[in-house]
Amino acid sequence: MSASSTDRGLLTPDNCGVVFIDHQPQMFFGVASMDRQALLNNVLVLAKAAKIFAVPVILTAVESKGFSGNITPQLLALFPDQAPIERSSMNAWDSKDFMAAIKASGRRNFLIAALWSEACLAFPALQMLEEGYGIYAVEDASGGTSHTAHAAAIRRIEQAGAVSLTALQVLLEFQRDWARKEHYEEVMAVVKEHCGAYGQGVEYALTMVEKAPATRFRNEVVDPTRSLVSASLSPRED
């Protein structure tokens, strides 16, 4: 993609879309390239960044009724009016509905997060690159069945022209200037809830330096496979 499709090389809420592919329980189960809780946390950072800045979002799921289960509820809850695009192919670009949604967005750059990296990220990324789209793989919101598989997928799409980045980088790139106050509080809320030491530093500055009340969150971020695991391990009542 030409740099003319971005803001001098940077993404903005007006020049990109975000795609979430197959963040479903069965797919989370197979991830071994990173901690699954951290993976979900990063997915939510990316999703909240898109929601805060009104970036077009596409959700898609593979075989949700027959194999993979529904998209993780924390992600669905952020886009309650949006129906995920159902597919049978590992390659989302094989889906006419998915392809139509991409084209209908009017965007030429797409941030993609997917499970698993070696198939559901790599396949559409490679083919969308061939179609002239700018592809940005959100590396820490995607996962593979091993460290090697994930790394090889990222290398392959980078060699084809994709760019890799992180969920937090996306959030900060959309905000870019702290003088922009329109979404400042929302961005800070995401940082405090999801961004580890960075969020702790922000919370410390607010509560200890500026004497603000302590932040309280209403919803716990849980492992998307936890309920299934708990159900299988819970004692039987005979």
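This text goes with the structure placed above it.
Residues numbered from 1 in each chain as written. Predicted model: local features only at pLDDT ≥ 70, side-chain atom pairs only at ≥ 80, totals over all residues. Heavy atoms only, no water.

A.B. asks: Explain the overall build of the chain here, please?
C.D. replies: Scanning the chain for helices and strands turns up 11 helices and 6 strands. Burial statistics for the chain: of 238 residues in total, 48% are counted as buried. When contacts within the chain are restricted to residue pairs at least 6 apart in sequence, those whose partners lie at least 24 apart make up 77%. Just so you have it, the chain exposes about 12,000 Å², and 53% of that area is on carbon and sulfur atoms. (Helix = DSSP H or I, 4+ residues; strand = E, 2+ residues; numbered from the N terminus. Buried < 20%, exposed > 50% of the residue type's maximum accessible area, 1.4 Å probe, protein only. Contact = heavy atoms within 4.5 Å. Areas by Shrake-Rupley, 256 points an atom, 1.4 Å probe, with all protein chains shown as cover.)

A.B. asks: Help me understand the side chain of H150, please; the structure alone is not making it clear to me.
C.D. replies: Here H150 shows up in helix 7 (residues 147-159). Separated by 2.6 Å, the side chains of H150 and S117 make a polar contact. Apart from residues lying up to four places away in sequence, H150 is in contact with S33, S117, E139, S142, G143 and G144. (Polar contact = N/O pair within 3.5 Å; in protein donor to acceptor, adjacent residues only side chain to side chain.)

A.B. asks: Looking at this structure, how should I read the sheet that holds strand 4 (residues 109-114)?
C.D. replies: Across a sheet, paired strands are connected by hydrogen bonds in the backbone, their directions being either parallel or antiparallel. An order of 3-2-1-4-5-6 is seen for the 6 strands of this open sheet, with the pairing classed as parallel. A strand with exactly one partner marks an edge of an open sheet, and here the two such strands are strand 3 (85-87) and strand 6 (163-165). Shown here is a sheet whose adjacent strand axes are inclined to one another by a mean of 25°, direction ignored. Of the strand pairs in this sheet, strand 1 (residues 17-21) and strand 2 (residues 57-62) are connected by 4 bridges, and their pairing is parallel. Each residue of the ladder has a partner; that of V19, found in strand 2, is I58. The sheet contacts of helix 2 (residues 36-52) involve strand 1, strand 2, strand 4 and strand 5 (134-138), and relative to strand 1 the element is tilted by about 145°. Contacts from helix 6 (residues 117-130) reach strand 1, strand 4 and strand 5, with the element oriented near 165° to strand 4. (Pairing = 2+ DSSP bridges. Axes fitted to C-alpha atoms, helices over the stretch in contact; angles between N-to-C directions.)

A.B. asks: Where do I start with the pattern of salt bridges in this structure?
C.D. replies: Side chains that differ in charge, positive against negative, can pair when their charged atoms come close. All chains considered together, the criterion is met by 4 salt bridges. Ionic pairing is found between D7 and R176, a salt bridge with its closest N-O pair at 3.1 Å. Of the two residues, D7 sits in the segment before strand 1 while R176 sits in the loop between helix 8 (167-175) and helix 9 (184-194), which places them 169 residues apart along the sequence. The class of R176 is partly exposed, set by a relative accessible area of 31%. For the salt bridge of K48 with E193, the shortest nitrogen-to-oxygen distance reads 3.2 Å. Pair noted here: K48 is in helix 2 and E193 is in helix 9, with a separation of 145 residues, a long-range link. (Salt bridge = Lys/Arg side-chain N within 4 Å of Asp/Glu carboxyl O.)

A.B. asks: In this structure, what is going on with the packing of aromatic side chains? I would like to understand it.
C.D. replies: We describe a pair of aromatic rings using the distance from one ring centre to the other and the angle between the two ring planes. All told, the structure shown has 5 aromatic pairs when counted by the stated rule. Centre to centre, the rings of W93 and F98 are 6.3 Å apart; their planes meet at 85°, and the pair counts as edge-to-face. With 5.7 Å between their ring centres and 65° between their planes, F110 and Y133 make a pair best called edge-to-face. You can see F110 sitting in strand 4 and its partner Y133 sitting in the loop between helix 6 and strand 5, a full 23 residues away along the chain. (Phe/Tyr/Trp six-rings, centres within 6.5 Å; stacked < 30°, edge-to-face > 60°.)

A.B. asks: What is the right way to look at the environment of A152 in this model?
C.D. replies: Turning to its location among the elements, A152 is positioned in helix 7. Expressed as a C-alpha distance, the spacing of A152 and S117, which sit 35 residues apart in the sequence, is 8.8 Å.

A.B. asks: What is the right way to look at unusual backbone geometry in this model?
C.D. replies: Here the bond from L115 into W116 is cis, since omega is 0°, no more than 30 degrees from zero. Positive phi values are uncommon outside glycine, yet A54 reaches one of about 55°. Here A54 lies in the loop between helix 2 and strand 2. Even without being glycine, E63 reaches a positive phi, approximately 45°. Take E63: it is sitting in the loop between strand 2 and helix 3 (64-68). The class for E63 is partly exposed, based on a relative accessible area of 37%.

A.B. asks: Would you take a moment to explain the environment of V138 for this structure?
C.D. replies: Note that V138 resides in strand 5. For the pair V138 and V43, spaced 95 residues apart in sequence, the C-alpha to C-alpha distance is 8.9 Å. Among residues more than four places away in sequence, those in contact with V138 are L46, L111, I112, A113, L165, T166 and A167.

A.B. asks: Even after reading the chapter, I still don't get the packing of helix 2 against helix 8, so can you show me in this structure?
C.D. replies: The description of two packed helices rests on the angle between their axes and on the distance between the axes. Packing of helix 2 against helix 8 leaves a shortest axis separation of 8 Å and a crossing angle of 20°. In terms of their interaxial angle, helix 2 and helix 8 are classed as roughly parallel. When you trace helix 2 past helix 8, the crossing you get is left-handed. For the pair formed by helix 2 and helix 8, the contact residues are N42, V45, L46 and A49 on the first element and A167, L168, V170, L171 and F174 on the second. (Parallel < 35°, antiparallel > 145°, perpendicular 65-115°, else oblique. Left-handed = near helix turned anticlockwise from the far one by under 90°.)

Worth remembering: the numbers are spatial, not functional.
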